[in-house]
Structure formats: structure tokens, C-alpha cells
Amino acid sequence: MILMDTGPLVAFFDRSDAWHHKCLDILKEVKGPLVSVWPVLTEAFYLLSFSWQAQAALWNFLIRGGVRIDHLDNDCLKRCRDLMQKYRDLPMDMADAALCVLAEATKATTVFTLDHKDFRVYQPAHISRFELIPDRI
């Protein structure tokens, strides 16, 4: 399982994004399911709001099962709050907190993200650090 952050999702569907081609190349090589959470999608749709075509392409990707969307229950929401407080100096946003909580709940260790600055700092309960794709920015 690979957790999907906002940056690559936006890059997939924004042809002007500097990471567009690199993220598409990585997507073609990814082994295992991509999984995310609604806060990540909300952020991605907002960042793609400049283009209905880009948003429609993201919708089609989701409907075809390109990314599985997992639900966060109330205990997960409490953990998100705790993590956002812990990392308030970064600050941690809801999308990042939700991905970290999903990682803890599923024991996932890998995140497809362009936000290495923050995801190199986050320490989920089950591992000391995430494996990041791409491995360097």
C-alpha cells in the first residue's frame, strides 16, 4: 500500500506543474494500491479549481479506482487533532495529519508526496520515518 498525498495528485492533472511528467512516470511504476483520504482530495480539488477539465480528470481517476479512499473514524479524528497540535510549528495541515493517521491504522510505511520537508519530520507511531516516493526532491 502506498499513501497518496496532494502534490502528486495535482501534478498528474495539471500539465503545467513542474512535477507532471515525473509523477506520471512514477505512477506507471508503482506496485501496490494507492490509498488516500478525503482531506487530501479536498485539497487537490481546490488546487485544481483553475480548470474544470483537470478536476474532471481527477474525478474520472477516482471513479476508475486509481486511488482507494479510506474513511477516518472518530478515534482517527482525535489522533489527527493530537498530531496537528504536536506538529503545529510546521504547521501540519489536516491532509497530512489524516495521511499519518491512516498510516498508523494500516501500518503503511510509504507515501507518494512532493512534501518531503514535512514528511521527513513526521514520525508515525509504528515507524521512525516514512519511505518517500520519489526518494529525492
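First things first, this report covers the structure right here in the doc. Sequence positions are assigned chain by chain, starting from 1 and proceeding in written order. Only residues with pLDDT of at least 70 are given local features in this predicted model, and only at 80 or more are side-chain atom pairs given and counted; all residues enter the totals for whole chains, interfaces and linings. Note that water and hydrogens are dropped before the side-chain values are worked out from all heavy atoms of the structure.

What about a nonpolar patch on the surface?
Item 1. Patch membership is restricted to residues that have no salt bridge and whose relative accessible area is over 30%. Joining uses 9 Å for like charges and 5 Å for the nonpolar side chains Val, Leu, Ile, Met, Phe, Trp and Tyr. Accessibility throughout is a Shrake-Rupley quantity obtained with a 1.4 Å probe, and a residue counts as covered only by protein chains that appear here. Basic side-chain nitrogens of Lys or Arg form a salt bridge, by our definition, when they fall within 4 Å of a carboxyl oxygen of Asp or Glu. Nonpolar side chains collect at one region of the surface, where W38, W52, W59 and I63 lie side by side and expose about 530 Å² of accessible area between them.
Item 2. In terms of residue count, helix α4 (residues 52–63) provides more of the nonpolar patch than any other element does, three residues in total.
Item 3. Going along the chain from the N terminus, every DSSP run of H or I of four or more residues is numbered as a helix, and every run of E of two or more is numbered as a strand. Mapped onto the elements of the fold, W38 is located in helix α3 (residues 38–47).
Item 4. Judged by its relative accessible area of 47%, W38 is partly exposed. Exposure is judged per residue with a 1.4 Å probe applied to protein chains only, and the accessible area is read against the type maximum: over 50% gives exposed, under 20% gives buried, and values in between give partly exposed.

A closer look at α3
Item 1. For α3, the set of buried residues is V40, L41, A44 and F45. All buried residues of α3 fall inside an arc of 130° around its axis, so they share one side. The exposed set on the far side of α3, more than 90 degrees from its buried face, consists of T42 and Y46.
Item 2. At its buried positions, α3 is contacted by β1 (2–4), α1 (6–13), β2 (34–36), α4, β3 (68–69) and α6 (94–106). Working note: the arc is built from the helix axis to C-beta atom directions. What makes two residues a contact is simply this: any of their non-hydrogen atoms within 4.5 Å.

What about the environment of I137?
Item 1. Tracing the backbone shows I137 in the segment after β5 (131–133).
Item 2. Residue classification places I137 among the exposed positions, given a relative accessible area of 55%.
Item 3. Distance in space between the C-alpha atoms of I137 and W19 is 9.8 Å, their sequence separation being 118 residues.
Item 4. When residues no more than four places from it in sequence are discounted, the contact partners of I137 are W19, T113, L114 and H116.

Points about the packing of aromatic side chains
Item 1. By convention, a stacked pair of Phe, Tyr or Trp rings (six-membered ring in the case of Trp) has centres within 6.5 Å and planes under 30 degrees apart, an edge-to-face pair has planes over 60 apart, and any other such pair is tilted. Here the structure, examined in full by the defined rule, presents eight aromatic pairs.
Item 2. Pairing F12 with F112 gives two aromatic rings, centres 5.9 Å apart and planes at 65°, and the pair type is edge-to-face. Residue F12 is found in helix α1, and its partner F112 is found in strand β4 (residues 110–112); the two are separated by 100 residues along the sequence. As far as the burial class goes, F12 and F112 line up, both buried.
Item 3. Members of the aromatic cluster, connected to one another through ring pairs, are F12, F13, F61 and F112.

This is a description of form; function is not addressed.
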